[in-house]
Structure formats: structure tokens, C-alpha cells
2 protein chains.
Amino acid sequence: MSNNSWQLPDGVDEILPERAFVLESLRRALLDLYHSWGYQLVIPPLVEFTEALLVGLGADLDLLTCKIPDQLSGRTMGIRADLTPQVARIDAHSMLDPGINRLCYAGPVLHAKPKSSGCSRSPIQVGAEIFGESTVQADIEVIDLMLETVEAAGFSCATGDITLDLGHVGIVQSLLKSAQMDKEVEARVVDALKRKSIPDLERELASVAEPFAKTFSALARLNGDASVLTNAKEIILEVAPSAAKPIDLLNEVIESMRVRRPNLNIYVDLAELRGYNYHTGIVFAAYISDFGQAIANGGRYDNVGSIFGRSRAATGFGADLKVLMRFYSSSISRDVVPKVISAPYSDDPSLREAIALLREEGERVVIQLPSEDQGNAVDRQLVKSNNEWIVQKKR
Amino acid sequence: MSNNSWQLPDGVDEILPERAFVLESLRRALLDLYHSWGYQLVIPPLVEFTEALLVGLGADLDLLTCKIPDQLSGRTMGIRADLTPQVARIDAHSMLDPGINRLCYAGPVLHAKPKSSGCSRSPIQVGAEIFGESTVQADIEVIDLMLETVEAAGFSCATGDITLDLGHVGIVQSLLKSAQMDKEVEARVVDALKRKSIPDLERELASVAEPFAKTFSALARLNGDASVLTNAKEIILEVAPSAAKPIDLLNEVIESMRVRRPNLNIYVDLAELRGYNYHTGIVFAAYISDFGQAIANGGRYDNVGSIFGRSRAATGFGADLKVLMRFYSSSISRDVVPKVISAPYSDDPSLREAIALLREEGERVVIQLPSEDQGNAVDRQLVKSNNEWIVQKKR
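Thresholds, definitions, all that
- Residues numbered from 1 in each chain as written.
- Chains lettered and ligands numbered in written order.
- Predicted model: local features only at pLDDT ≥ 70, side-chain atom pairs only at ≥ 80, totals over all residues.
- Helix = DSSP H or I, 4+ residues; strand = E, 2+ residues; numbered from the N terminus.
- Contact = placed C-beta atoms within 7 Å.
- Least-squares fit on C-alpha atoms with pLDDT ≥ 70 in both.
- Core = buried A, V, L, I, M, F, W, Y, C linked by C-beta atoms within 7 Å.
- Buried ≥ 20, exposed ≤ 12 C-beta atoms within 10 Å, placed from the backbone.
- Nonpolar A, V, L, I, M, F, W, Y, C, P; charged D, E, K, R; others polar.
- Axes fitted to C-alpha atoms, helices over the stretch in contact; angles between N-to-C directions.
- Parallel < 35°, antiparallel > 145°, perpendicular 65-115°, else oblique.
- Left-handed = near helix turned anticlockwise from the far one by under 90°.
- Domains from an automatic or database assignment.
- Expected span 1.5 Å × (residues − 1).
- pLDDT = per-residue confidence, 0-100.
- Pairing = 2+ DSSP bridges.
- Right-handed = clockwise from strand over helix to strand, strands pointing away.

## Section: the overall build of chain A
From N to C terminus, chain A includes 13 helices and 16 strands. Dimensions of chain A, computed from C-alpha atoms along their principal axes, come out at roughly 95 × 55 × 50 Å. The contacts in chain A between residues at least 6 apart in sequence include a share of 67% that link residues at least 24 apart.

If you want it as C-alpha cells, here you go:
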């Protein structure tokens, strides 16, 4: 066997004690936050049959998902690359409540390839979803909770740390519907928009009729602050009147966020097509400065659960706990991991009682093993004095 | 697509809200327990190259492990079927401390096939390990912590709920070494002992010289209370004097447990060969009545990390959180999941402040969405009275 048998696959990482303690603290803080908002925890399995796992999410998720044969059934299972479809299946099939379901989750996922260069292949995904509510109020609630999540990691909307990115897939959809272009051209236009490649887009638009070509060209540049929406109305509504509703919904979200979080930066990108084949309405993401990717993102994805026999409105967000932790750990004190009390090894019941009591009080008590040199981790020790066990500073 | 697209693979299960809340509570209670004993949390990845993952654990773990090709390197990765070898790798390679490492973990694993009939293929493994201490005191510490784990799930050593199963692979090893039998016969003897098949064992022993045949035959029946060890000395030591040390170690464990937990049932099984190719010393398991499998188990497995460049003493235990939870949930009140307070939907800052305050105080506050009928989950509501937001019983 080679000397590098300890090597981990590229993009796969382990978390050692100090960081693991921080990650666990953040995990608990976030699950407690979702709990306090009325979201219920669910724990989906690591693997499912691919037909359940890849539902409605298209080729992107398929490429991210590692597949294995199920030795019991011979069918193909996938290792989850995203918990959202699993939670949608749980809402659609496992929970009989016809009302609104607020669900949350936290767990490891695996990506066959990095999502983009430098990305981890082993994120720990946390997130929350609302099922059964089609109004924009549900989107506003999950955007709000996404921002709280980013704040829990140590950022603040109040000091302008966070930028909320907003889009709505319905705007491009309305325009495509009105334009009725050749399907192949349409696919290439969508692809150029997805890649945000203006030159490729312009080349495709050469074969598209006016006024649509002009409008698409303008749409690709419609990003910036909230005033973008006013311009959008002027430019788009004339050729695609059905885009009015998506634009109004975005305005509602922005107005609500301005009241709730006055110092939040808002960036509107009407050509944003992340998860275009999957999302059905508003899409959103949270960005922080000096970090190239979204730190959390989500959107509306109605009817994903229909394959499981229940068509449901759905909106939610997710984030990678490992990414959030990088910032969280720098925002909290280095001394979060408490020092330990050393106790001698003995079966003496009075010692065992003293140790149990200290542990119940939240202390860390390590029993000294024969070959143990506890070094710097220990700052106090349990010693017997006048027939009583007392805690003493380590000399 | 078929109508049963929601089906999960056999032996793979999801955990819905009420049980998920209980599981998360138990998970936290156990990690807090390990923390209070000085064990540090580590978070190994879901996958590793098989040569790291399967180190020293032999054919049993290989068969349990699902394999996938790594698209980036072309090498074979395994989805972890056990966290112990991962934690051993972390101790041997990632943690430079030459002293004792106490490590703990909690995370999902996947088994290609059920370990035994009716077993889950998707346990959530929790456990704790001590590295770098070869004395029996370390075994006693992890046995003690294993028993605390079972007690945290709702059982009590004091009321005789729990049976501790003890063995030591060194006893069979000593006897085999003295007997110097043909390697093929030896393999079949070990196999018969593993399966606890007395008829198969007797058949194999027909070709084994006296007094070894007689001793093996007696060994297979050496199980019961602590008096077994006295008999063992008489029977085994004459033909295999090196078995004295394992027997003495078991006596030490039993004496210590008798002082620490007077009402613990102790069952000694000197022919117990669970993980025979893997364990190197004392093996132990906790049983409870009316449950056919061990609810937690472990043992000593020195030198597993040597392949990573560091040969270390190691002992530890593991359990399936999903199994522990079954008992835990019946031992706690049905009302563990707190009821929620309903709040109206509004951007009103005074309402938002009132909600934030309640959530900080540990309440669950759900904001009523337009199509929401909150039903029985809600027992109180936030209403405005004299310009103040107050919590009222739901009418």
C-alpha cells in the first residue's frame, strides 16, 4: 500500500476538533433558530433510488450525483447531492397534513464533481423550506430566515455586510413565450443568459425578430439596485405583458426587506437563471464581501413533489455549514473550547460522585490514564483535601 | 415513472419531525456527555479512498461498504460503513499530539447489505475512542462511557436493565498459538466459534490433538457470570499459559464495574469472536432485555493506524443513534415538542420586535401565511392590545 493512504479525495475534507466544536455550535444555533420559527426538523437518508432523488431537478443535479447499484433490489441508488428533493418527497408523500409544512434539515451531501472550481465536494447542507403556500409572503419569510442564517454566522445586515441578490425566472419565461423563437435558438439564448455571456447572446439574437432581440439584449443588462425594476417595466412589459406579475412580486419583496432590514444591500438581476429548469418563481441568494460565491441561496420550486402524487407550492433556501463556519469561527472567541479539569484514576465512589457533579454542571473532567501527560489542555485538577474532593488550579 | 417513486430502498429510512426532534435531542445529549468527559468531536467525510477506509478491518467491512469511482482521480472511493477507521486515521495522521487522544463522532453511515437480517442499512453511528493508552484503565473508561450512553437513552444499570457482555480475543489466540494446528483446520475452528456452532466445532476438533481439542470444546461453553473466569483458569492455563493475562484483565474490568455499578449484569463469553480479525484485546457490548442485538459495542483494536505511519493503542465503542432513539423516545414525555405561538403577517417593526424577543426566550413563533390554517399545533397567539403585542391563549 502506498505511503499516502491517508490522502483524502480532492474536494473532500475532514473536520478536526477545534473546528468541529465550532461547526457543531453553529449547527445547533441554526437548527434552534429554525425551530424557533416553527420549522420542523426532518432527517432524510444518505441514499435513495435515483428516480426519487433527481426528480424535477434536471441534468445539473444528475451530474452531481454519485450512483451505486442497490445490492438488494438491483435498482440504481444515488447518494444525495442536495437535500431539497428529499425534503420535497417527505412533504409530498410522508406527511399527510394538507396544510403548510415548514421543514428544515442539516446533513452531509456528496458531489461527484465540484459544483464550480475550488468548491467542496462534501458540503454539510443546512436549509429550510415552506410547502403549501404559493403567495410571495412565503418567499419573504424564507428570504428573511436565510438572512438570519447568514447573520447567525457572524454577519450583519445592519452594517451593510450582506447583499441580497434577487431575480425571478418568470421574466425570461414571459419574454420567451411572447417571442416564440425557434426551440434551438431559444435553448442557445437561455444558455448564453445563464453563462451571462453578452457576446454569445448578441450572436444568437441576430436571428431573433425585433422587438424581442432588442428586449433580450436590454434584459441581459438589467441588473443593479431596485431602480432596475422601473426600467424593466418600460422595456419588457410592452412586448411581454405577462412579465408584470413577476416584476410586481419582486417589488413586494424589496419593499418588505426595506422595512425589515433598512441597511441590507439589494441587487436585482433579471437575467439571473440559476436553476432555471427547476425554479418556478423568485430566486434569491445572499452574498458577503470578499467571497466569490453565494453564501446561501434558494428560490421557489412549485410542483416538484407532483411526481410523488402531491403537487405543492414550495420555496426555500440552503447553505453549506462548512462555508458558514469559516466566518463564524473568526467571529467568536478563540476560547470557546472550555479547558478541562483533571481527575485521578480511581474507583473511589466519592471521587466518582464529585466528577459526575462537575460534569453535570457543564465542566469537562478528564480522568488521568496511566500513561497520560495532559499538558496545556488542563488548567485545574481534582484533589482530595480534608476528605473532600476539591478543584484546584494546576500548579 | 412508476407510482412508487417515493419508495425508499429496503433497510433505508427517513426520520419525520416528531422522531427527528427526539433524535436530535439524544444526539446533543450524547455529544454533550462525551464533551463533558473530555472527548473531542471530529467530523470525518462521507467518502474516502477504500484503501484508507477498509484498513485493518478485513472482509466484513469490505462487504458492507458501497464503492464508487472517484471521477477526479479514477481511484475507488467507499462510502463509510463505520466511522471507527476514519477516526483512527485522523488520530494517526491528522492530529500531531503524541499524547492520548479522546475522540468522539456522530454521523450517518451506509451498509451495502444489512449487517444481519432486519438491520437498518442507514444507521447514524455515535461513538467514542481513546488512542494512545494501552492499559486496561482505558478499556474501563470507554466501557463506562458506553454504559452512560445506554443510560442516556433511558435505561438504568441500577435497576438491572443493562447487561454488559465481556470477552477477550487473546484467550482464543493463546490457545490457537499453543495448539499449532493446521491453518485450514484453524480457520474452520475460528469460523465455528464465531458462529457459536458447537456441532461444527466438535466435527473440526476430531482432527485436533488432545488436550487442545478438549480445551476448545470447553472454551465454547465458557460463558455465564464472572465465575466463568475461575473455571477458565483451571481449564485453559495448563495448555495455554499466555491466556493468564487476558483473564486477569477481564477480572480487573469486572472488579471495577462491580464497584462502579453494583447492579449491572455481567455476562462473560470467552469464545466471543466478534470482529476477531480486527480486535486485539478486550471486546464488550451492552444488551438490554427484549432486544436481540447489542445496543452498543466496542473493543480494543491497537495498531489499526499503523498503515498511516503511526502505530497506536486504541479502544472505543459505537452505537446506532436510530436504535437508541427507539427507547429514548418512549422514556421521555410526548410533549417534548413545544407548542407554537401564532403571529399575524406584517412588516410592522413593533410586531417583529415582539416576535424576535419571544423566539430568543425559547418560544416557537410561526408567522401566519395567507393560506395557513394552523390547527392544533398552535395554542397561543400574538395580538395587539392597547398598542402592545401580547401573547393570548388561542380561543
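Now, onward.
## Here's the deal with the relation of the copies chain B and chain A
The transformation that overlays chain B on chain A combines an axial shift of 0.0 Å with a rotation of 180°, and the residual RMSD is 0.0 Å. Taken together, the turn and the small shift mark the pair as related by a two-fold rotation axis. Proximity to the rotation axis, assessed at the C-alpha, singles out B:Ile68 in chain B; its C-alpha lies 3.3 Å from the axis. The share of interface residues of chain B whose copies in chain A are also at the interface is 99%, consistent with both copies meeting through the same surface.

## Here we look at the nonpolar core
By size, the foremost hydrophobic cluster in this structure holds 241 residues, and its most contacted members are A:Leu175 and B:Leu175. Contact partners of B:Leu175, with chain neighbours within four places excluded, come to B:Phe212, B:Thr215, B:Phe216, B:Leu219, B:Ile236, B:Ala240 and B:Ala243.

## Brief notes about the interface of chain B and chain A
Of the residues lining the interface, 81 residues belong to chain B; the matching set on chain A comes to 80 residues. Split by residue class, the side of chain B that touches chain A holds 44 nonpolar, 17 polar and 20 charged.

## Things to note about the packing of helix H7 (residues 183–194) of chain B against helix H8 (residues 198–205) of chain B
Residue and element names in this part refer to chain B. Interhelical geometry of H7 versus H8 gives an angle of 160° and a closest axis separation of 8 Å. Here H7 lies roughly antiparallel to H8, going by the angle between them. Along this stretch, H7 crosses H8, giving a crossing that reads as left-handed. Of the residues in H8, those in contact with Val185, Arg188, Val189, Ala192 and Leu193 of H7 are Asp200, Leu201 and Glu204. When the residues that make up the contact of H7 with H8 are grouped by side-chain class, the tally is five nonpolar, no polar and three charged.

## Describing the domain arrangement of chain A
Interfaces are often sized by the accessible area lost when the parts come together. When its domains are assigned, chain A resolves into domain 1 (1–153 + 295–337), domain 2 (156–290) and domain 3 (339–393). One C-alpha centre belongs to domain 1 of chain A, the other to domain 3 of chain A; they are set 41 Å apart.

## Observations concerning helix H5 (residues 136–152) of chain A
Residues and elements named next belong to chain A. Taking 1.5 Å of rise per residue, the 17 residues of H5 would be expected to cover 24 Å, and the 24 Å separating its terminal C-alpha atoms lies within 8% of that figure. Counting buried positions along H5 gives 13 out of 17 residues, so the element sits mostly inside the fold. Two residues or fewer past H5, glycine 154 is found with a positive phi of approximately 115°.

## Concerning unusual backbone geometry
In this model, A:Glu210 is joined to A:Pro211 through a cis peptide bond whose omega is 5°. Following the sequence through the fold, A:Pro211 ends up in the loop between helix H8 (198–205) and helix H9 (212–219). A positive phi is found at B:Gln180, a non-glycine position, where the angle reads about 45°. In this fold, B:Gln180 is placed in the loop between helix H6 (169–179) and H7.

## Brief notes about the confidence of the model for chain A
Put simply, chain A has an average pLDDT of 90, and 95% of its residues get 70 or more. Model confidence for the complex: the whole-complex pTM is 0.94, and ipTM, which rates the interface, is 0.93.

## Overview of the pairing of strand E10 (residues 282–288) of chain A
Residue and element names in this part refer to chain A. With five of its seven residues buried, E10 lies for the most part within the structure. Of the strand pairs in this sheet, strand E7 (residues 162–168) and E10 are connected by seven bridges, and their pairing is antiparallel. Residue glycine 167 lies in a different strand from E10, and its bridge partner there is valine 283. Sheet analysis places E10 next to strand E11 (residues 296–300), joined by four bridges and oriented antiparallel. The residue of E11 that forms the bridge with alanine 286 is alanine 296.

## Concerning the sheet that holds strand E2 (residues 47–49) of chain B
Residue and element names in this part refer to chain B. What the three strands build is an open sheet, ordered E2-E4-E3; its pairing is antiparallel. The open sheet terminates on both sides in strands that have one partner only, identified here as E2 and strand E3 (66–69). Along the sheet, successive strands turn relative to each other by an average axial angle of 35°, direction set aside. Relative to strand E4 (residues 76–79), E3 is paired through four bridges, and the arrangement is antiparallel. The partner of proline 69 across the bridge, within E4, is threonine 76.

## So, the sheet that holds strand E14 (residues 364–367) of chain B
All names here are of chain B. Across the sheet, which stays open at both edges, the four strands sit in the order E14-E13-E15-E16 with mixed pairing between neighbours. On the outer flanks of this sheet lie E14 and strand E16 (388–393), each paired with one strand and no other. Strand-to-strand twist in this sheet, taken as the mean axis angle between neighbours without regard to direction, amounts to 35°. Note: strand E13 (residues 340–343) against strand E15 (residues 378–385), three bridges, orientation parallel. When the bridges of E15 are listed, valine 340 appears paired with valine 378.

## Focus: H6(B)
Residue and element names in this part refer to chain B. Three or more residues of H6 are buried, namely Val169, Gly170, Ile171, Val172, Ser174, Leu175 and Ala179. Tucked into the core, H6 has its buried residues touching strand E7 (162–168), H7, helix H9 (212–219), helix H10 (227–236), helix H11 (244–260) and strand E10 (282–288). Positive phi shows up at glutamine 180, right after H6, with a value of about 45°.

## Quick look at the environment of A:Thr135
Assignment of secondary structure puts A:Thr135 in the loop between strand E6 (124–131) and H5. On the basis of neighbour count, A:Thr135 is assigned to the partly exposed category, with 17 C-beta atoms found within 10 Å. C-alpha of A:Thr135 to C-alpha of A:Ala314: the two residues are 179 residues apart in sequence and 10.0 Å apart in space. When residues no more than four places from it in sequence are discounted, the contact partners of A:Thr135 are B:Leu369, B:Pro370 and B:Ser371.

## Quick look at the environment of B:Val304
Mapping B:Val304 onto the fold places it in the loop between strand E11 (296–300) and strand E12 (314–320). As for B:Val304 and B:Glu361, which are separated by 57 residues in sequence, their C-alpha atoms are 48 Å apart.

## Here we look at the packing of H10(B) against H11(B)
Residues and elements named next belong to chain B. Axis separation between H10 and H11 bottoms out at 10 Å; the angle between their running directions is 165°. Viewed along their axes, H10 and H11 adopt a mutual orientation that is roughly antiparallel. The handedness of the crossing between H10 and H11 is left-handed. Counted together, Leu229, Ala232 and Lys233 of H10 and Ile247, Leu250 and Asn251 of H11 form the full contact between these two elements. Here the contact of H10 with H11 is composed, by residue class, of four nonpolar, one polar and one charged.

## Notes on the pairing of strand E14 (residues 364–367) of chain A
Residue and element names in this part refer to chain A. Because side chains alternate across E14, one face comprises the buried residues Arg364 and Val366, and the other comprises Val365 and Ile367, equally buried. Pairing of strand E13 (residues 340–343) with E14, which is carried by four bridges, proceeds in the parallel orientation. By the bridge assignment for E14, isoleucine 341 is matched with valine 365. Handedness of the crossover is the feature at issue here: the chain leaves E13, passes through helix H13 (residues 349–360), returns alongside E14, and the resulting connection is right-handed.

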